[in-house]
Every structure is written in C-alpha cells, then in structure tokens.
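Residue strings, one per chain:
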Amino acid sequence: MGGLLDLFTILYDPQAVFARVKEKPRCWGPFLGLAVLQVAIAALMMPYTRAVMQTMARAQGSSAAPPSWASLIGVVGAPIGLAIGLLVAAAILWMLVSVLAGEGSFRHLLAPDATGFVKTLLWTVNRFTLWGLVLTGFGVAGTHHTTKGTAFTVATIAFVINALIGAGFAAIGGGGAG
C-alpha cells in the first residue's frame, strides 16, 4: 500500500519518497495505481474515441462503421503501453546512471535481495553486455542482409540464451550463491 501512496506523496515530499525507494524499491503498487487510472481514463474516453474512428472512416470514404470492439483496444492497451514505456524509461535511466554515475544495477532495481541464479542473471545485464547486444544486432544486419528488426530480434534471443546459460553455470558452480 505504501508504494501506491507514494504516487501522491511524491507530489509534496519527493525526497522522502526517493529515500524510501532507495531503501526498498517498490514498483507494483505505483504501476497498478497508474494502470487503473489509465484504464479509467481510456474507458471514459470511449465515446469520443468511437466518434473519432467514425469520422476517420467517413474521411477515408468508408460507409461501414468501425466495429464496436475497436475502441476497447485503447482500454486494454493502456496498461500494456504504460508497462512498455516505464520499462524503456527505466532502461534508459539505468544506462545513463551506469555511464555517468558509475553504478546502476538491475539487481538493485528489480530484486535487491536476489541470490543464486536470479542474482547472477541480473548481473549479466550491464552496459557492456547491452552494448554487445547493440553491436551484434548491427553486425547481423550488415553481414546477413536482414532488416534491423530481424537482426535485433536474433541478437536479443542470443543475448537471453547466453545470459541464461551463464547464470545457470554460475549457479551450479556456486558462483551465484552469494
């Protein structure tokens, strides 16, 4: 519940909120609060969304009205878009902190008490491995004449497989048991 209340507390006491976040990061409460808010706003906007969709269909010369379920896409997509946006923003902030401030850790952000396999897996995500992922994507695109989307999909899958294998070996060998 404290994480959800931080959505309001941050407006008048941001230093206290950030001090609590540093001590014990909580993301699910604020995310769920924001997701519920976005779904409510999207639901309230549905009549306007339907009207805009009908206007756009008429402007394109279509006499058929858009299906009634089409406006629900915004309601369902709101929390998904929020999650994607927050993950991208967190990744960008983490990379900038890693480069400019020296230490940014997905382990601290996502699972501060992680041990074993999870700890080692999260430690494999750092500025050097992410840069390797970028270079691999460009390399696959350039050497195999694929689209960048395909190349980065291949590079990402390879990155995930390598991270899982490395964390698995570290956990088996005791390297991730701390």
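Residues numbered from 1 in each chain as written. Predicted model: local features only at pLDDT ≥ 70, side-chain atom pairs only at ≥ 80, totals over all residues. Heavy atoms only, no water.

**Points about the packing of aromatic side chains**
Applying the stated criterion across every chain, the model contains two aromatic pairs. Taking the centre distance of 6.2 Å and the plane angle of 85° together, the rings of W28 and F31 count as edge-to-face. In this pair, W28 and F31 are both assigned in helix α3 (residues 28–44), three residues apart and thus about one turn of the helix distant. What makes W28 exposed here is its relative accessible area of 61%. F31 sits in the buried class, given a relative accessible area of 17%. Consider the rings of F138 and F152, whose centres lie 5.2 Å apart with planes at 85°: the pair is edge-to-face. Here F138 is found in helix α8 (residues 127–144), whereas its partner F152 is found in helix α9 (residues 148–173), with 14 residues between them in sequence. Looking at F138, the relative accessible area reads 45%, which means it is partly exposed. (Phe/Tyr/Trp six-rings, centres within 6.5 Å; stacked < 30°, edge-to-face > 60°. Helix = DSSP H or I, 4+ residues; strand = E, 2+ residues; numbered from the N terminus. Buried < 20%, exposed > 50% of the residue type's maximum accessible area, 1.4 Å probe, protein only.)

**With respect to helix α4 (residues 46–59)**
When the terminal C-alpha atoms of α4 are compared, their 20 Å separation across 14 residues agrees well with the 20 Å that a helix rising 1.5 Å per residue should span. Immediately beyond the C-terminal end of α4, within one or two residues, lies G61, with a positive phi of roughly 85°. (Expected span 1.5 Å × (residues − 1).)

**Points about the confidence of the model for the chain**
Of all residues in the chain, 84% have pLDDT values of 70 or greater, and the mean over the chain is 79. When pLDDT is averaged over each element of the chain, α3 comes out on top at 90 and helix α6 (residues 106–110) at the bottom at 60. (pLDDT = per-residue confidence, 0-100.)

**Structural notes on α8**
With 18 residues, α8 ought to run about 26 Å at 1.5 Å a step, and its terminal C-alpha atoms sit 25 Å apart, in line with that. Along α8, the residues that are buried comprise L130, L133, G137, V140 and A141. Seen along its axis, α8 keeps its buried residues to an arc of 95°; they face one direction. Away from its buried face, by an angle of more than 90 degrees, α8 presents the exposed residues F128, W131 and T143. (Arc of directions from axis to C-beta.)

**Structural notes on the environment of W123**
Summarising the element assignment, W123 is placed in helix α7 (residues 116–123). Owing to a relative accessible area of 46%, W123 belongs among the partly exposed residues under this scheme. Once the C-alpha coordinates of W123 and A163 are considered, the two residues, 40 residues apart in sequence, prove to be 9.2 Å apart.

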